Amino acid sequence: MLRPVAMARLAVLALASLLCALPASAAAGRFSLRVSVGDPLADARLMGLDGRPVRLLADRAPTVFLFLRPGDEGSREALQGLLALRAALAGKPVRLVAVVSPADGPERVRALLRDSPGLTVLVDRGDALHARLGTFPLPAVGLAGPDHRLAAFEPWTDRDETAALARAIEELLDGPTVAAAWR
């Protein structure tokens with residue numbers, strides 16, 4: 001019969017073996033999507049901060065949508081990246097949208113966006129869009145082409161996302177096809 005300490009060690013080894021057997025993407029917390037690159041996206045109507053319904057996707061232009069969480073350092077960094085992207089793409093027909101959960105509360109959202117005037121912020125009531133696209137860690141950024149097809153969807157991991165996303169948008173602006181994911 002194994003002693004309690006030996007049983008605990010055996011349990012830890014078994015768990016470690018199981019984690020090592022998982023694909024790298026699962027162990028890293030990658031998300032699972034319910035849509036694929038190239039799939040058409042329904043143009044959801046989300047609520048603006050003023051309470052009025054607003055369409056997520058732009059007409060005949062790429063749309064970048066960033067799911068974020070106020071109070072999260074990664075979301076703040078992603079928001080700064082989105083603002084840098086807005087400056088880099090000034091004058092180009094691209095819609096940039098920040099998407100938040102109603103659970104975040106309007107005060108927290110306004111505090112997060114205080115330094116980002118003019119950015120479109122939409123509230124995902126009931127987290128319906130989040131659920132429709134799949135489960136993923138926040139922040140996460142999606143790109144839809146002018147044809148309303150998903151061009152890319154990735155977790156926002158660092159500041160390098162801005163340059164890669166800008167390249168994917170340029171690719172969409174240059175042609176009618178879906179851009180490749182930027183990873």
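Everything that follows concerns the structure shown earlier in this document.
What counts, and at which threshold
Residues numbered from 1 in each chain as written. Predicted model: local features only at pLDDT ≥ 70, side-chain atom pairs only at ≥ 80, totals over all residues. Heavy atoms only, no water. Helix = DSSP H or I, 4+ residues; strand = E, 2+ residues; numbered from the N terminus. Buried < 20%, exposed > 50% of the residue type's maximum accessible area, 1.4 Å probe, protein only. Contact = heavy atoms within 4.5 Å. Areas by Shrake-Rupley, 256 points an atom, 1.4 Å probe, with all protein chains shown as cover. Pairing = 2+ DSSP bridges. Core = buried A, V, L, I, M, F, W, Y, C linked by side-chain atoms within 4.5 Å.

Trainee: How should the overall build of the protein chain be read in this particular structure?
Mentor: Scanning the protein chain from N- to C-terminus turns up six helices and nine strands. A total of 183 residues make up the protein chain; the buried ones form 40% of that total. Of the contacts formed within the protein chain by residues at least 6 apart in sequence, a portion of 70% connects residues at least 24 apart. Taken as a whole, the protein chain presents about 10000 Å² of accessible surface, with 57% of it coming from carbon and sulfur.

Trainee: So what exactly am I meant to see when it comes to the pairing of strand β8 (residues 140–144) here?
Mentor: A regular strand carries its side chains on alternate faces of the sheet. In terms of burial, β8 is a largely internal element, five of the five residues being buried. The sheet contact formed by strand β4 (residues 63–67) and β8 spans five bridges and is antiparallel. Looking across to β8, one finds that L66 is bridged to V141. Inspection of the sheet shows β8 paired to strand β9 (residues 150–155) by five bridges, in the antiparallel sense. Residue pairing across strands places V141 opposite E154, the latter belonging to β9. Connecting the antiparallel pair β8 and β9 is a turn made up of five residues, with H148 showing a positive phi of about 65 degrees.

Trainee: How do you make sense of the nonpolar core when you look at a structure like this?
Mentor: Among soluble globular proteins, nonpolar side chains are generally buried collectively. With 29 residues, the main nonpolar core has V64, L85, L143, L165 and I169 as its most contacted residues. Looking at this core, the elements with two or more residues in it are β4, α3 (73–88), β5 (95–100), α4 (106–113), β6 (120–123), β8, β9 and α6 (161–174). Looking at which element gives the most residues to this core, the answer is α6, with five residues. Membership of the second largest hydrophobic core comes to 18 residues, among which are L41, L56, L57 and F136.

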